[in-house]
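Each chain, written out:
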Amino acid sequence: MSARADAAPVPVIEIRGMSKIYHPGSEAEVAALRNVDLAVQAGEFIAIMGPSGSGKSTLMNMIGCLDRPTTGSYLCDGQDVAKLDAEALAQLRLDKIGFVFQGFHLLPRMNALENVAMPLGYARVPPAERLERARQVLAAVGLGERGTHRPNELSGGQQQRVAIARALINNPPILLADEPTGALDSRTGEEILALFKRLRDDGHTVVLITHDADVAAHADRTVVMRDGELHEEAA
């Protein structure tokens with residue numbers, strides 16, 4: 001067997017020695033991240049927990065390529081983020097990362113299909129193809145019959161499913177979810193977490209940011225941020 005066949009799989013998220021210092025050298029210097037190492041494999045569902053001010057939001061911004069570290073490295077699906085300019089970073093976010101937020105961020109004047117299809121405009125996909133792909137993804141999250149409904153005609157759980165479908169429209173390897181159940185009742189939250197598990201089973205890597213241990217318990221693995229440092233939780 002070749003050495004390549006014997007090699008361990010390359011993580012879809014690989015962070016080494018990452019630190020983030022705000023206002024370095026000043027009296028207001030803040031170390032938001034301290035020498036963080038994190039590897040996440042393709043098809044893994046991981047939760048990142050921590051209270052406000054622990055560094056989890058900063059780490060989320062790094063994983064989402066929304067900020068750059070002070071020191072350390074980040075390989076996103078094998079690409080060294082430090083080597084990318086602003087345009088290449090924007091393209092990487094479009095191709096590699098789907099974002100899901102607590103507040104849904106749907107455009108009220110657009111129906112569900114149009115909201116889901118929106119990222120395809122940035123990818124210069126023809127309009128007819130955008131809507132067809134949006135129909136397919138909406139059906140995959142259980143909203144095939146709701147495409148013509150606007151956000152105010154949908155429940156909170158349905159709006160979050162639309163947001164998840166929008167995040168999936170480019171079939172990104174990474175789904176980054178920031179407190180995605182925070183605005184939902186417990187039953188609807190359980191349904192959204194079950195959807196994330198199905199997406200993991202389909203091969204997506206799901207990174208869930210949460211402060212709630214009950215929500216984190218749905219993940220395959222939990223890591224905890226404390227004072228800018230990352231700690232692996234015992235199974």
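As a reminder, the structure under discussion sits directly above these lines.
**Student:** Please clarify how the sheet that holds strand β1 (residues 13–22) should be interpreted in this entry.
**Tutor:** Strand order in this open sheet of four strands is β2-β1-β4-β5, and the pairing throughout is antiparallel. A single partner strand is all that each edge strand has here, and the edge strands are β2 (30–40) and β5 (79–80). Relative to β5, strand β4 (residues 71–76) runs antiparallel, the two sharing two bridges. Bridging from a neighbouring strand, L75 pairs with D80 of β5. The sheet strands contacting helix α2 (residues 56–63) are β1, β2 and β4, and the helix crosses β1 at an angle near 125°.

**Student:** Explanation requested: the pattern of salt bridges in the structure shown.
**Tutor:** Two side chains bearing opposite charge may form a pair once their charged atoms approach each other closely. Following the criterion strictly, the structure yields 10 salt bridges and no others. The residue K20 makes a salt bridge to D67 at a minimum N-O spacing of 3.4 Å. Taken together, the residues K20 in strand β1 and D67 in the loop between α2 and β4 connect sequence positions 47 residues apart. Given the relative accessible area of 25%, D67 is considered partly exposed.

**Student:** Can you walk me through the layout of surface pockets in this structure?
**Tutor:** Vacant regions in the atomic arrangement are exposed by a probe of water-molecule size rolled over the atoms. The space that makes up the largest pocket amounts to roughly 600 Å³. What lines the largest pocket is a set of 22 residues, and nearest its centre among them are R93, L94, F99, P119 and Y122. Looking at the lining of the largest pocket, the elements that each hand over two or more residues are α3 (86–96), β6 (97–101), α4 (112–122) and α6 (156–168). It is α3 that provides the largest number of residues to the lining of the largest pocket, a total of five residues. For the lining of the largest pocket, the residue count by class is 14 nonpolar, four polar and four charged. Taken as a whole, the second largest pocket holds about 220 Å³ of empty space. T181, S186, G189, D212 and V215 are the residues nearest the centre of the second largest pocket, which is lined by 15 residues in total. At the level of secondary structure, the elements contributing two or more residues to the lining of the second largest pocket comprise α7 (186–201) and α8 (213–216). Counting residues per element, the lining of the second largest pocket draws most heavily on α7, at four residues. Looking at side-chain class alone, the lining of the second largest pocket contains three nonpolar, seven polar and five charged residues.

Rules of the game
Residues numbered from 1 in each chain as written. Predicted model: local features only at pLDDT ≥ 70, side-chain atom pairs only at ≥ 80, totals over all residues. Heavy atoms only, no water. Pairing = 2+ DSSP bridges. Helix = DSSP H or I, 4+ residues; strand = E, 2+ residues; numbered from the N terminus. Contact = heavy atoms within 4.5 Å. Axes fitted to C-alpha atoms, helices over the stretch in contact; angles between N-to-C directions. Salt bridge = Lys/Arg side-chain N within 4 Å of Asp/Glu carboxyl O. Buried < 20%, exposed > 50% of the residue type's maximum accessible area, 1.4 Å probe, protein only. 1 Å grid on protein atoms, 1.4 Å probe; cavity = no way out; pocket = protein on both sides within 12 Å on 5 of 7 lines; lining within 4 Å. Points joined across faces, edges and corners; volume = space filled by probe spheres on them. Nonpolar A, V, L, I, M, F, W, Y, C, P; charged D, E, K, R; others polar.

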